[in-house]
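# Architecture and fold: a report
Spelled out, the chains give:
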Amino acid sequence: MPRLDGDECCGLIAVAVDISVVKTSEALLTSMGDILKQEVAERTRELETLANRDPLTGLSNRRAFEQCLSTEIELARSKHYPLSIIYFDVDYFKNINDDYGHAAGDQVLQRLAQVIDARLRTSDLFCRIGGDEFVIALPHTDACGGRQLAVRLGTIVSELAFDTVPQSVTVSFGVVALEDSDDISRVIDRADRAMLAFKRARHAWPSLSGNDGEISDDV
């Protein structure tokens, strides 16, 4: 702007503002905003994982499993392919906890989950329902295929060695195929009852208890 002496212009007045500090501040705010967004996204993913995973074994929990199974049931029916369910638990698991401690029992569950999960397909769903009970969903697999897999897994489990449990660990399986009248609860319940029937048969007939090669069908 002009500088006046009376009516005459005797110079100019200039004002300069250094905005480099402002620009630097804006850049820092943008960078911090990006970092915060990244941290929020990572935290959200962690919380989603915690909400969907069993904290002991790292497998899907029942809530996440049933959500995925609902989708698999719809696909199996719409595309007309078989789907089977394996339900199993650890035999005499209470005795393991009582005799060797809950830490030993936890190790058994963790090791079983790891070993069995490694032998499943990426398309299979594996879940710890609770306690020592687990469920596997096998898309594109009929009851016969499910029984064959259960026999193999039973043999593998019986041959495992555990650091804190100086005895063989066995499991009992029940296998069912998806039926037209099944919803999620019914198909899981049928597999559970099949497992219990097999377990009762093994207790009633000791000759069955030496090998997990016989698997119960639905009852």
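Each chain carries its own residue numbering, running from 1 in the direction its sequence is written. With the structure being a predicted model, the display of local features is reserved for residues of pLDDT at least 70 and the display and counting of side-chain atom pairs for 80 or more, all residues being used for whole-chain, interface and lining totals. Side-chain figures throughout are based on the complete set of non-hydrogen atoms in the structure, without hydrogens or water.

### Overview of the layout of surface pockets
Applied cut-off: Both site types are read off a 1 Å grid over the protein atoms alone. A 1.4 Å probe that fits but cannot get out defines a cavity, while an open set with protein on both sides within 12 Å along at least five of seven lines defines a pocket; lining residues have an atom within 4 Å of a point. Grid points are joined across faces, edges and corners, and a volume is the space filled by probe spheres set on the points. Helix and strand definitions here come from DSSP, where helices need a minimum of 4 consecutive H or I residues and strands a minimum of 2 consecutive E residues; each element is numbered from the N-terminal end. Under the scheme applied here, ten amino acids are nonpolar (Ala, Val, Leu, Ile, Met, Phe, Trp, Tyr, Cys and Pro), four are charged (Asp, Glu, Lys and Arg), and all others, including Gly, are polar.
Estimated volume of the largest pocket: approximately 250 Å³. What lines the largest pocket is a set of 15 residues, among which Arg 53, Ser 60, Asp 124, Leu 125 and Phe 126 lie closest to the centre. Taken together, the elements giving at least two residues each to the lining of the largest pocket come down to helix H2 (62-79) and strand E4 (125-130). In terms of residue count, the dominant contributor to the lining of the largest pocket is H2 (4 residues). By residue class, the composition of the lining of the largest pocket is 7 nonpolar, 4 polar and 4 charged.

### So, the sheet that holds strand E3 (residues 83-90)
Formally: By the convention used here, strands pair only if DSSP detects at least 2 bridges between them. To define axes, lines are fitted to C-alpha atoms, for helices over the stretch in contact only, and angles between the resulting N-to-C directions are given on a 0 to 180 degree scale. Contacts between residues were defined by any pair of non-hydrogen atoms, one from each residue, lying within 4.5 Å.
Pairing in this open sheet of 4 strands is antiparallel, and the strands run E4-E5-E3-E6 from one edge to the other. Two strands in the sheet have a free side with no partner beyond their single neighbour: E4 and strand E6 (171-177). If you compare each strand with its neighbour and ignore which way they point, the axes differ by 20 degrees on average. With 5 bridges joining them, E4 and strand E5 (residues 133-139) adopt antiparallel strand pairing. Within the sheet, the bridge partner assigned to Leu 125 lies in E5 and is Ala 137. Its contacts with the sheet put H2 on E3, E4 and E5, and the angle it makes with E4 is roughly 135 degrees. On top of the sheet, helix H5 (residues 143-158) reaches E3, E5 and E6; it is set at about 170 degrees to E6, its chief contact.

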